[in-house]
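Chain and residue survey
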Amino acid sequence: MLRSLLFAPGDSDKKMTKASGIGADCVILDLEDSVAAQRKPVAREMVAEFLRGARTPGVKFYVRVNPLDSGLAQHDIAGVAPAAPDGIVLPKANGPEDLRIVAHYLDVLEAEHGLPAGAIAILPVATETPSAVFGLGDYRHGVPRLSGITWGAEDLGAAVGASANLDANKDWTMPYQTTRSLCLFAAHACGVQAIDTVMADFRDTERLEVVCDEARRDGFTGKIAIHPAQVPVINEAFSPSADELAHAQAVIDAFRANPDAGTLQLDGKMIDRPHLVQAERILAIAAQIAALGKNA
Ligand code: COA
Ligand code: MG
């Protein structure tokens, strides 16, 4: 369970080091859009070197490689996999077939370097091309190494020639609400985490709180960050509150006390099976966060 996933450019030792100590559940060392073309080879080496150094306990380290059709992805994966990242973020993934290609590379590299088979996860950014939107339904048929699904609006907007992706209220316009929803359902159909995309306006932490609450309300369990200031807001928003935990426990207790009842009342409100499922989910999320050894 990763609540916050903080990006750090892979050609900045300073930011990679700083990102590791902020409290993010995952740091994504970036080789793609935050690294200039001429810096990509050096970034690849810096990221591998960084991964070989002392890693902050309790933090997962993923690497965002370049897209498969960039001509760089194979070199990126071969360059960083031997340093055993926890996962690879695959941008501009067009569907499960792209993940299978990356999984095959990883199969070979893990064997070659004596790493446990299947240990390196894959997290696709699954909505960054127009074709990818149609591939979202295919993930549910089974994808190796999938640890979650996330989405992105910027590259998709550029690909279709959109002049904006937010409306006057700073809400996603309809095309991005649609892809966000499809990402959510694709992830849940696979039984993996749905991870919400970046909020680029990183100084606006008030707005970030709202956006995180909406994401959590809808079923996302984590969010990407691009700036340290976003991490505590995200961690808090995606951690069940004391009130939520108490309510979830009360729902579970009510059904335990009435094992033959399909529906009950709790504080004057009807509860039935979906409420029990949600209560169990909240407690499971809390347990997974506790297992990370961190609090909000
Ligand atoms: N990881 C680690 N440290 C970061 C950071 C990040 N993502 N973003 C900012 N910082 C550091 C800065 O280096 C600075 O450190 P210092 O006080 O020790 O000098 C501090 O946090 C405050 O940063 P600030 O001045 O507010 O922002 P900035 O102008 O330095 O950086 C960005 C703004 C957007 C360039 C920066 O946040 C960034 O690089 N984000 C990640 C971009 C990325 O990876 N994008 C790809 C995914 S979309
Ligand atoms: Mg991008």
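Residues numbered from 1 in each chain as written. Chains lettered and ligands numbered in written order. Predicted model: local features only at pLDDT ≥ 70, side-chain atom pairs only at ≥ 80, totals over all residues. Heavy atoms only, no water.

Further remarks concern helix α1 (residues 13-20). For α1, the set of buried residues is Met 16, Ala 19 and Ser 20. Buried residues along α1 cover an arc of 100° about the axis, so they all sit on one side. Turned more than 90 degrees away from the buried face of α1 sit Lys 14 and Lys 18, all of them exposed. Of the surrounding elements, those touching the buried residues of α1 are β1 (4-9), β2 (26-30), α2 (40-52) and β3 (60-64). (Buried < 20%, exposed > 50% of the residue type's maximum accessible area, 1.4 Å probe, protein only. Helix = DSSP H or I, 4+ residues; strand = E, 2+ residues; numbered from the N terminus. Arc of directions from axis to C-beta. Contact = heavy atoms within 4.5 Å.)

What follows is about the packing of α2 against helix α3 (residues 73-80). Working note: a packed helix pair is described by the angle between its axes plus the distance between those axes. Between α2 and α3, the least distance of the axes is 9 Å, while the angle of their chain directions is 25°. With respect to α3, the element α2 is oriented roughly parallel. When you trace α2 past α3, the crossing you get is right-handed. Only His 75, Asp 76, Gly 79 and Val 80 of α3 make contact with α2, whose side of the interface consists of Arg 44, Val 47, Ala 48 and Leu 51. In terms of residue class, the contact of α2 with α3 is made up of four nonpolar, two polar and two charged. (Axes fitted to C-alpha atoms, helices over the stretch in contact; angles between N-to-C directions. Parallel < 35°, antiparallel > 145°, perpendicular 65-115°, else oblique. Left-handed = near helix turned anticlockwise from the far one by under 90°. Nonpolar A, V, L, I, M, F, W, Y, C, P; charged D, E, K, R; others polar.)

Let us look at the pattern of salt bridges. One pass over the structure, following the stated rule, counts 18 salt bridges. The salt bridge partner of Asp 76 is Arg 44, with a shortest N-O separation of 2.7 Å. Placement of the pair is Asp 76 in helix α3 and Arg 44 in helix α2, with a sequence separation of 32 residues. According to the relative accessible area criterion, Asp 76 is buried, its value standing at 0%. Its relative accessible area of 15% is what places Arg 44 among the buried residues. With its nearest N and O atoms 2.9 Å apart, the salt bridge here joins Asp 218 to Arg 180. Of this pair, Asp 218 sits in helix α8 (residues 205-218) while Arg 180 sits in helix α7 (residues 174-190), and the two are 38 residues apart along the sequence. The exposure class assigned to Arg 180 is buried, which follows from its relative accessible area of 12%. (Salt bridge = Lys/Arg side-chain N within 4 Å of Asp/Glu carboxyl O.)

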